[in-house]
Amino acid sequence: MDTLVSVSWLAEHLHDKNIVVADCRFVLGNPDKGREEYEADHIPGAVYFDLEKDLSAPKAEHGGRHPWPDADTFADKLGRAGIDNDTLVVLYDDQKGAMAARAYWVLRYVGHRNAALLDGGYEAWKEAGHSITKEIPERLPATYIPHVQKDWLCGVEDIRRNLGLGEDGAVLIDSRACNRYTGEAETIDPIGGHIPGAVNYDWQAIVDEKGFLKSETALCQRFAELPRDREIIVYCGSGVTACANLFVLERLGYKNAKLYAGSWSDWISYPENEKAKGAR
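From a predicted model like this one, the values you see are computed outputs, not experimental measurements.

Asker: Looking at this model, I keep getting lost on the sheet that holds strand β10 (residues 257–260). Mind explaining?
Answerer: As a general point, the strands of a sheet are linked pairwise by backbone hydrogen bonds and lie either parallel or antiparallel. Read from one edge to the other, the open sheet built from five strands follows the order β6-β10-β9-β7-β8, with strand pairing classed as parallel. The outermost strands of the open sheet, each flanked by one partner alone, are β6 (153–154) and β8 (199–200).

Asker: How should the side chain of D266 be read in this particular structure?
Answerer: Here D266 shows up in helix α10 (residues 263–267). Among buried charged residues, D266 stands out as having no salt bridge; its nearest opposite-charge side chain is R160, 7.6 Å away. Of note is the side chain of D266, whose polar atom sits 2.6 Å from the side chain of Y260. Once you skip the residues sitting within four places of it in the chain, D266 turns out to touch H62, G63, G64, V156 and Y260.

Asker: Where do I start with helix α3 (residues 71–80) in this structure?
Answerer: Every α-helix carries 3.6 residues per turn, so stepping three or four residues along brings you back to the same face. Turning to α3, its buried residues are A71, F74, A75, K77, L78 and G79. Close packing links the buried residues of α3 with α4 (98–109). Two or three places before D72, at the start of α3, stands the capping residue D70, its side-chain oxygen 3.2 Å from that residue's backbone nitrogen. Looking one or two places after α3, you find G82, whose phi comes out positive at around 80°.

Asker: Explain the side chain of H42 to me, please; I cannot follow it from the model alone.
Answerer: For H42, the position within the fold is in the loop between α2 (33–40) and β3 (47–48). For H42, a relative accessible area of 0% puts it in the buried group. At 2.6 Å, the side chain of H42 and the backbone oxygen of Y38 are in polar contact. The contact partners of H42, leaving out residues within four places of it in the chain, are D23, R25, Y92, Y122, I132, T133, K134, E135, I136 and P137.

Asker: Sorry if this is basic, but what is going on with the packing of aromatic side chains here?
Answerer: Any pair of aromatic rings gets described here by the distance separating the centres and the angle formed by the planes. All chains considered together, the criterion is met by seven aromatic pairs. Taken together, a centroid distance of 6.1 Å and an interplanar angle of 65° make the contact between F49 and F74 edge-to-face. With F49 in the loop between β3 and α3 and F74 in helix α3, the pair connects residues that are 25 residues apart, well separated along the chain. On the basis of relative accessibility, which here comes to 1%, the residue F74 falls in the buried class. Note on Y201 and F223: the rings are 5.3 Å apart at their centroids and 15° apart in plane angle, and the pair reads as stacked. Separated by 22 residues along the polypeptide, Y201 in the loop between β8 and α8 (216–222) and F223 in the loop between α8 and β9 (232–235) bring together distant segments of the chain.

Asker: Looking at this structure, I do not really get the sheet that holds strand β4 (residues 88–92). What am I missing?
Answerer: The five strands lie next to each other as β1-β5-β4-β2-β3, forming an open sheet whose pairing is parallel. In the strand order of this sheet, the two ends are held by β1 (4–5) and β3, each with one partner. Two strands pair when backbone bridges link them, and strand β2 (residues 19–23) and β4 are joined in this way by five bridges, in the parallel orientation. When the bridges of β4 are listed, A22 appears paired with L91. Against the sheet, α4 engages β4 and β5 (115–118), with an angle of about 175° to β5.

Asker: Explanation requested: the nonpolar core in the structure shown.
Answerer: Considering soluble globular proteins, one finds that nonpolar side chains tend to be buried as a cluster. In terms of nonpolar packing, the biggest core is built from 79 residues, with I43, F49 and L91 touching the most fellow members. The greatest single-element share of this core, amounting to ten residues, is contributed by α4. Setting aside residues up to four positions removed in sequence, L91 forms contacts with A22, C24, F49, A100, A103, Y104, L107, A116, L117 and L118. By size, the runner-up hydrophobic cluster in this structure holds 15 residues, among which are I159, L172, W264 and Y270.

Asker: Looking at this structure, I do not really get the pattern of salt bridges. What am I missing?
Answerer: When charged atoms on two side chains of opposite charge get close, those side chains can pair. Throughout the structure, instances matching the rule amount to 17 salt bridges. Across the pair R176 and D174 runs a salt bridge whose closest N-O atoms are separated by 2.6 Å. Owing to a relative accessible area of 2%, R176 belongs among the buried residues under this scheme. Owing to a relative accessible area of 0%, D174 belongs among the buried residues under this scheme. Connected via shared salt-bridge partners are R65, D174, R176, R180, E186 and D189.

The rules behind the values
- Residues numbered from 1 in each chain as written.
- Predicted model: local features only at pLDDT ≥ 70, side-chain atom pairs only at ≥ 80, totals over all residues.
- Heavy atoms only, no water.
- Pairing = 2+ DSSP bridges.
- Helix = DSSP H or I, 4+ residues; strand = E, 2+ residues; numbered from the N terminus.
- Buried < 20%, exposed > 50% of the residue type's maximum accessible area, 1.4 Å probe, protein only.
- Lys, Arg positive; Asp, Glu negative; His and termini not counted.
- Salt bridge = Lys/Arg side-chain N within 4 Å of Asp/Glu carboxyl O.
- Polar contact = N/O pair within 3.5 Å; in protein donor to acceptor, adjacent residues only side chain to side chain.
- Contact = heavy atoms within 4.5 Å.
- Phe/Tyr/Trp six-rings, centres within 6.5 Å; stacked < 30°, edge-to-face > 60°.
- Axes fitted to C-alpha atoms, helices over the stretch in contact; angles between N-to-C directions.
- Core = buried A, V, L, I, M, F, W, Y, C linked by side-chain atoms within 4.5 Å.

Written out as structure tokens, the structure reads:
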């Protein structure tokens, strides 16, 4: 099963018994808006995954603005949404795939292999003239058994160990906009800049102006300088948009890419951690 599906494919398979569609719309800074938009209209049969309530753990002193969710807690939520280990989960949002990609990586973390993003998201679905509804589905509960893939995540200690390894260490990718990476215009976190040694690959460069994933050729060119024989650790502000870059790296065949789940907002919660500014 491809990890990216078109709106025409989903329209054809929307009522297949083994498919659950998940609406992942969420607006940073306005945490109720995504659910409100879902309740106003969504793809028929879609359940709702909330970034902060479903795809994150409660905030703490460390762990970043969107701490990584507990696997058993998330598995319970999957079961209540009618999702078992064999269900194909199709994920969408209206933020160029960023929120859907976070849900995708959480699913990967609990061992789910049968998941896909809807190319172009909700806007593409509506522009194609497919049906929408405000009816909230009632799904029969299922049992989901997590098979946690701990190697898919990194923590602050992993990053600290990596900083002194030079060419023998992992390639560290910052997925935020360039002006946040450089520290020139931090708009969310209290401290600007980046983790020393990180290179900047703005996640928004993987999609076109309408939110469709760019061609494989374009994406290969985008990440051409990334080595395939070294570990790659990807981060962003809080472990959300980094997942969009990870989604693409997986599609391009990188086998060694991981997420620093707490990301920049976790890194700066430790005053002793070194912060860098500027282009490198």
